[in-house]
Structures are given as structure tokens and as C-alpha cells.
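# Observations on chain architecture
In case you want the letters, here they are:
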Amino acid sequence: METYSIIFAIFLGGAVLTYFAGKLNSILQDILFLGSVLVPTYLFFSGVSFGSAMPFSLEGISLLWGIDHYSWLFALIVLGLGSLAAVYAIGYMKGKERKGYFYFNFILSVMSMLGIVVSQDLISFFIFWEIMTWSSYLMVIYNGKDIQRVGIKYFVFSAIGAYAMLMGIVIVHSITHTFFIEDMIQAYGHMSLQLQIWIPILFLIAFAVKAAMMPLHVWAPGAYSNAPMAYTSLFSGALSKMGVYGMVLILVTLVSRLPQGIWFREVLAWLGGITAAVGTLWAIKQDDAKKLLAYSSVAQLGYIITGVAIGTELGMLAGLFLAVMHALFKGTLFMAVGAIEKQTGTTNFTEITGLIRKMPWTFLASLMSIIALAGIPPLGGFVGKWMLYESLITSDHYLLVILIFFASTAGFLYCYKFLFGFFLGQEEKEWEHVKEAPATMVVPMILMSVFMFVLGTFPGIILKPINNGLMDLGFVDSYKHLWETSVIFNNWGDHVILQPILYSIIAIFLFFLILVVWKGYKGTRYVTTKDISTSGEVPKEDENLTFSVGFTQPFLRAVAPVMRRQIDKYYTEFAKGLEGLFEFMRRIYTGNAQTYALYVVVFVVIVLLFKDVLF
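Below you will find a few notes about this structure. Given the structure is predicted, the values throughout are model-derived calculations rather than measurements.

With that settled, the discussion passes to the overall build of the chain. Helix and strand content of the chain: 26 helices and two strands. Burial analysis of the chain (615 residues in total) assigns 53% to the buried set.

So this is what it looks like as C-alpha cells:
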């Protein structure tokens, strides 16, 4: 039980020591930073057992920390990705300023996310949630850019989610008189129908903000693209999963017991589908890799939300499997962009291209991640999306599966844009000096790429823990008949039947390889950047074109009506209205005593004039 205290003490003490160690020695600071993440990770997986709990009291309030199969799954995401991202950060932050600031908030983020998943009471949960929000906010404004536009927006939406959660906690405590999550679940069935509806809504608002679900997503593109790439891999890959963690907890333990719960699920499922589709369209539009991956993260979270909202056995397994895969491939892609940024100084597709020979390992990691993201076998993204499609079809969500399939298919455009834009275009002389990223940055990317391949062939490695976690929440045991639920699993449900698919892929690959080699014998000519296809778009003479200029314009014109209405504009207008109201109130509250005395006199006169009406 004391292991929990030791783990959090190392996190907190390590964060403080790492912050000040930079004044002594940079190498010592790096070592302390790695130790502050890797040592607690080792202690957790080696010293914490399922079912272990640590009860304690804080100012007379009974609190409880513990771990079950469900929280262990998300601890694996947090600590696994956090450890690899920490190794990556050593190389990324070399030579950068304010390393202590970065390391401090990185460690606190990992600590707070682990705290969230081990908290079995609402007070601990809320405290760790706020630590996570503040540390991530400080990372968003790390670069000192767009603090008003990006940082404040992230903070405001996080505050909305926090206050919604706090209101839910207060209501639950007023009924149960305890803060234990288990007591809330037990008492839920005896609450009034009104409270049974409002409590899930309040908690789901908080979790939907962190999961970047539309229309509460507007903070995510700016925050993801503004934070340092060494942190964004953790930000997008793990921190967003805290919203998914809470959503599943509420949907399975509370909403599933509510007769009207089907409407919660339908609304969330469609919001998830819309998030996937619109996020994909905006990702296609971007020419900067940071923003492309930011919108892509929003879209991918939409798939996860749709799966868990459907709530069937296969839907839950698909959603949580995709959550694990998203942590892997999106964490890797943000790392790849960080490596490119460090080696070239830019992340814009229109400025740099042809890096495949300069940064081959980064290309390989990016290729594997893109294949997983696009849902192409034999990587794990294929398994997750196939399960999601099947769950939608078997639950009669035919319109929703069309929307999800459209988002997934359209996603190929930004997948191609990412790969071709950075790696497969024509080499330019100004980038001849570029070299591969340091090993500390490359190794984590390659390791995660290997995990993607393994999970694509043997998904049972993760599906079984997912099933065990859902069973701990009271969900049905689906793993024993998983092979009967989905057509892609073998008779035991522990790995995918990929032979026919692999044979087809190999045949297609060989066909095009022979075709390209045969065509190559006729001679090769080198072309300029202008000698490219622009999909019918007529370029101007002074435009130095890359593939991305005009490449997606016909598609974007077709979907322009969908993208024209942006929820962000409505939020902005609402904020301007509030600003005007506050400005008016400021004129009333002048701080002048004589003015306030005049207000009192006017108030007394009004009361005397209308006393017969008022009283």
C-alpha cells in the first residue's frame, strides 16, 4: 500500500529537484528527469498489484487510492508513453532554454494522470485533474506564442469542465455523504430521475472537454500545435485519454443503468462521428504538420468516442483498442514532427520536402504510424477500425457507419499529404545539410512502431486487458466469445487472420514493383518543383509549388459548405458579448465613494416610490 506514496513522492520530489538541477549541471538535470519518470514507472508495474488499495484521511475526509484492471489499462498508456516521451525529450530539449520549466511540468503531467486513474474517490480525482490541467496549460504557453488566443482558450474550456465536474461532485456528496466513487455508483439507482440525468451530464461535460469532442474541441488544435512536440506526443496520446477514461466510467457504471441512457449514447455517438468527420476535413486543409496532426487527433478521438458511446461488446472493445493505438501512432507522429522541426527548423510542408534519405528512421516510424492511423493491415489501426465498423453495423447504426467510413476514407488525403510532403518529394539544395535525429529521439519512435505491428497481428495482448477492465466496471465478459463477434479473429480470438489479406497486399506490391522497375528502364529524368500535378488548379508564375498547393482544392471546394460554419466563431462572438457586458459593469462600479452614495440614494427613492407595489 505504501508503494503509492513512494511513487507519488518520487514524482513530486523529482519534479522539484529536476527544476533546480539545471543551475548545477545540464547532464545531471537530464538524469534526474529520466529517473523521475522511469523509476516510478518501474515501481508501479513491479510493486502494485490488482485490487491493492491505500485508504487514508485528509482533514477528516476519507480518501482511497487503488488499482483495478480498468485503471491499469490507462496507467499503461500514461506510463508507457510517458517513459518513451521522456527519453525522446532528452534529445529534443538539448540546447533549448527553460529545460527546468519543461521537465517540471512534464513530470507533473505524468504524475497527475497516474493519480487520476488510481483515484477511487472524487476528491483525489479532482485534485489530480486540476494538476493535470495546470501543468498542461503551462506547457501550452511554454513558447510564449499566442497566449491570449491559444492559452486562454484552453484554460477557459478546462475551467468549464472543472466546474461542471465540481458541481457533480457536490451533488453526489450531498446525497451519499462520502466521496468514494463506488458509493456514488451504488447510490445512483436510488436517486431521483432528475439527478440521474444531471449527474452524468455534468461529468460527461468535463470528460468531453479533455477528449476534444465537438463542440467542446476548439481549444485542442491550437493547444496541440502550440505545445513543444516532446510534450504534445504525451498531450495528445495520453492526456486526452483521461477524458475517454472518465467517459467509459460514467457510461458503464451510471448511464447503462438509466432507462433514458440510450439517448445519452446516441447523442455522444453522433457527436463522436461528427468530430471524426469535421476534424478530418480541417486536417486536410492544413499545410503545417503541427496543425494537421492537431486536427487529426481531434478526428481520431471522435472514432474512440463513437465506439465507447455505442456501448455494445464490440463497440467498447473497438473504442478502447483504438485508444491504445491512438496513443502509439499519434505519439509517434508528433515525435516525428518534433524530430523534423529540430533538424530543419520548420514543420511546414510548403517549405521542406524530400527527407526520406536524410532522415530514413524518422520516415520509417512515420510510415508505420500513417499505416496504423489509416487503418491499413497488418498494423493495429486496421483491427480497431474493422471492429468499429462491425459494431456500428451490427447495432443498426447504418448512417453513422457511413459518416465514420467517410471520415476514415478522407483521412487518406492528409496521410498522403504528411508522407509525401516531408519525405517523398523532390530533394531541395537548401536541405542538403539535414541529418537524422539523435538516437534518443529515434529509438522511442521505432519502439512504438514495433508495438503497432505486434498489436495488429496479436491484438489479444491488449484486448484481454481491455475486457478484464470492462468486467471490473460491471460490463459483460466478451473476450471468451470475441471470435464469434468479429470475423477477423481466429478460433481462439487472440490473433487476427491476416494470411489472405497479406497475400493480397504482397501481390499488389509485387505488381507495382515490377511495373515501376520495367518503366524505369526507359530512362529517368529529374523534374523541378513546378513540374507537378495540381489537380486542375492553374498555378501562378511566381508560385514555387509543392505537391500540397492545389492538391486537395477540388475536394475542399466540394465540402466547403460543411466547413463554412465554425463553432469557434460563435464562441468568439459570445466572448465579445461578455467583454462588452463586463466593460459596461466596469463603468458602473467606478470605485468612487460619491458614485456609490448616489446609487444608494437612487435605490432608496425607487423603494419609496414603489413600496406599495413591492410590499
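Read on for the rest.
What follows is about a nonpolar patch on the surface. A surface patch of nonpolar side chains, amounting to about 500 Å² of accessible area, comprises Ile 506, Phe 509, Leu 510, Leu 513 and Ile 514. Mapping Leu 513 onto the fold places it in helix H21 (residues 499-520).

As a further point, take the environment of Met 213. Along the polypeptide, Met 213 turns up in the loop between helix H8 (193-210) and helix H9 (220-226). For Met 213, a relative accessible area of 5% translates into the label buried.

Attention now moves to the pairing of strand S2 (residues 61-66). As judged from the six bridges shared by strand S1 (residues 53-58) and S2, these two strands associate in the antiparallel manner. Opposite Phe 56, over in S2, you have Leu 63 as the bridge partner. Hairpin connection of S1 to S2: two residues between the antiparallel strands, including Glu 59 at a positive phi of 55 degrees.

With an omega dihedral of 10 degrees, the bond running from Met 214 to Pro 215 counts as a cis peptide bond. Counting through the fold element by element, Pro 215 comes out in the loop between H8 and H9. At His 177, a position not held by glycine, the phi torsion is positive, near 65 degrees. Among the structural elements, His 177 can be located in the loop between helix H6 (147-176) and helix H7 (181-188). Positive phi outside glycine occurs at Ala 212, with the angle close to 55 degrees. Note that Ala 212 resides in the loop between H8 and H9. Of the residues examined, Ala 212 reaches a relative accessible area of 0% and is grouped as buried.

Here we come to the environment of Val 110. With respect to the secondary-structure elements, Val 110 resides in helix H4 (residues 99-118). Exposure remark for Val 110: the relative accessible area of 0% places this residue in the buried category. Sequence separation between Val 110 and Met 132 is 22 residues, and the spatial gap between their C-alpha atoms is 8.1 Å. Ignoring anything within four residues of it in the chain, the contact list for Val 110 reads Phe 11, Val 78, Leu 79, Gly 82 and Leu 234.

Across all of its chains, the model carries three salt bridges by this definition. A salt bridge links Asp 30 to Lys 99; the nearest nitrogen and oxygen atoms lie 3.0 Å apart. Pair noted here: Asp 30 is in helix H2 (residues 26-47) and Lys 99 is in helix H4, with a separation of 69 residues, a long-range link. The exposure class of Asp 30 is buried, given its relative accessible area of 14%. Taking the shortest distance from any N to any O, the salt bridge between Glu 341 and Lys 290 comes out at 2.7 Å. Here Glu 341 is found in helix H14 (residues 313-344), whereas its partner Lys 290 is found in helix H13 (residues 289-310), with 51 residues between them in sequence. Side by side, Glu 341 and Lys 290 carry an identical accessibility label, which is buried.

Looking now at the nonpolar core. Counting residues in hydrophobic clusters, the biggest one holds 190 residues, and the most contacted among them are Phe 106 and Phe 418. Looking at this core, the element that brings in the most residues is H14, giving 20 residues. Residue contributions to this core reach at least three from each of two domains, namely domain 1 (1-240) and domain 2 (260-493 + 544-565). Once you skip the residues sitting within four places of it in the chain, Phe 106 turns out to touch Phe 33, Val 37, Gly 82, Ala 85, Ala 86, Met 139, Ala 230, Tyr 231 and Leu 234.

About the cut-offs
Residues numbered from 1 in each chain as written. Predicted model: local features only at pLDDT ≥ 70, side-chain atom pairs only at ≥ 80, totals over all residues. Heavy atoms only, no water. Helix = DSSP H or I, 4+ residues; strand = E, 2+ residues; numbered from the N terminus. Buried < 20%, exposed > 50% of the residue type's maximum accessible area, 1.4 Å probe, protein only. Patch = residues over 30% accessible without salt bridge, like charges linked within 9 Å, V, L, I, M, F, W, Y side chains within 5 Å. Areas by Shrake-Rupley, 256 points an atom, 1.4 Å probe, with all protein chains shown as cover. Salt bridge = Lys/Arg side-chain N within 4 Å of Asp/Glu carboxyl O. Pairing = 2+ DSSP bridges. Contact = heavy atoms within 4.5 Å. Core = buried A, V, L, I, M, F, W, Y, C linked by side-chain atoms within 4.5 Å. Domains from an automatic or database assignment.

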